[in-house]
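Okay, here's what each chain looks like letter by letter:
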Amino acid sequence: MANSTTAAVKVLGAPGPAGRSSPEGSQLKLCSSLLDGLLTVSTAFMKSSIDSQVLSKKKLQDLVREIDPNEQLDEDVEEMLLQIADDFIESVVTAACQLARHRKSNTLEVKDVQLHLERQWNMWIPGYGSDEIRPFKKACTTEAHKQRMALIRKTTKK
């Protein structure tokens, strides 16, 4: 499963669904790495509890070197970034599992992860899933609401 998804992400510069352009270079590799981690974690999450880190120190150092070859991270910074990545992956997998359960499915699919990332984190990873996910539309504000807000603004100016 992870092998087929990795190949899909490596398309650089091509516009994604709905005309969005894909992230460039190291951003794309970071997204790819995180998504591969999500897929790995989700598989293991279903089987048992996870105590190990998905993103290793070596992978983190490689990503930093791709961005700036002269940059060196402190040990504390590396540990913090690894913890943030693990927390992010765990929260995304948990939310995606809840979406799968909401669909009445026992299988976590890419579209569950994609939906959560798009709606909660405003992240779109090109090459994964399909155009099934409709754009999120903000509810229209009614005329009554606009009048109330204008009244509030008017009273707060005084």
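Residues numbered from 1 in each chain as written. Predicted model: local features only at pLDDT ≥ 70, side-chain atom pairs only at ≥ 80, totals over all residues. Heavy atoms only, no water.

1. Quick notes on the overall build of the protein chain
- Counting secondary structure elements, the protein chain contains 6 helices and 0 strands.
- A burial count over the protein chain gives 30% of its 158 residues as buried.
- Pairs at least 24 residues apart make up 49% of the contacts formed inside the protein chain by residues separated by at least 6 positions.
- Counting only carbon and sulfur atoms, one obtains 55% of the accessible surface of the protein chain, whose full area is about 11100 Å². (Helix = DSSP H or I, 4+ residues; strand = E, 2+ residues; numbered from the N terminus. Buried < 20%, exposed > 50% of the residue type's maximum accessible area, 1.4 Å probe, protein only. Contact = heavy atoms within 4.5 Å. Areas by Shrake-Rupley, 256 points an atom, 1.4 Å probe, with all protein chains shown as cover.)

2. Some remarks on the nonpolar core
- Of all hydrophobic cores here, the largest spans 13 residues; its most connected members are Phe88, Val92, Leu108, Val113 and Leu117.
- For this core, the elements supplying multiple residues, two or more each, are α4 (75-102) and α5 (110-121).
- The greatest single-element share of this core, amounting to 7 residues, is contributed by α4.
- Judged by nonpolar contacts, the second largest core, of 5 residues, contains Leu55, Leu60, Leu63 and Leu82. (Core = buried A, V, L, I, M, F, W, Y, C linked by side-chain atoms within 4.5 Å.)

3. Focus: the pattern of salt bridges
- Overall, the coordinates contain 6 salt bridges when judged by the stated rule.
- Two residues, Arg103 and Asp112, come together in a salt bridge whose shortest N-O distance is 2.8 Å.
- We classify Asp112 as buried; its relative accessible area is 3%.
- The closest approach of N and O atoms between Lys111 and Glu109, which form a salt bridge, is 3.8 Å.
- Connected via shared salt-bridge partners are Lys57, Glu75 and Glu79. (Salt bridge = Lys/Arg side-chain N within 4 Å of Asp/Glu carboxyl O.)

4. Digging into unusual backbone geometry
- One non-glycine residue, Lys104, adopts positive backbone phi at about 60 degrees.
- By secondary structure assignment, the location of Lys104 is in the loop between α4 and α5.
- Positive phi values are uncommon outside glycine, yet Asn122 reaches one of about 55 degrees.
- Along the polypeptide, Asn122 turns up in the loop between α5 and α6 (143-157).

5. Structural notes on the environment of Pro126
- Locating Pro126 in the fold gives a position in the loop between α5 and α6.
- Measuring from C-alpha to C-alpha, the distance between Pro126 and Gln114 comes to 9.8 Å, with 12 residues separating the pair along the chain.

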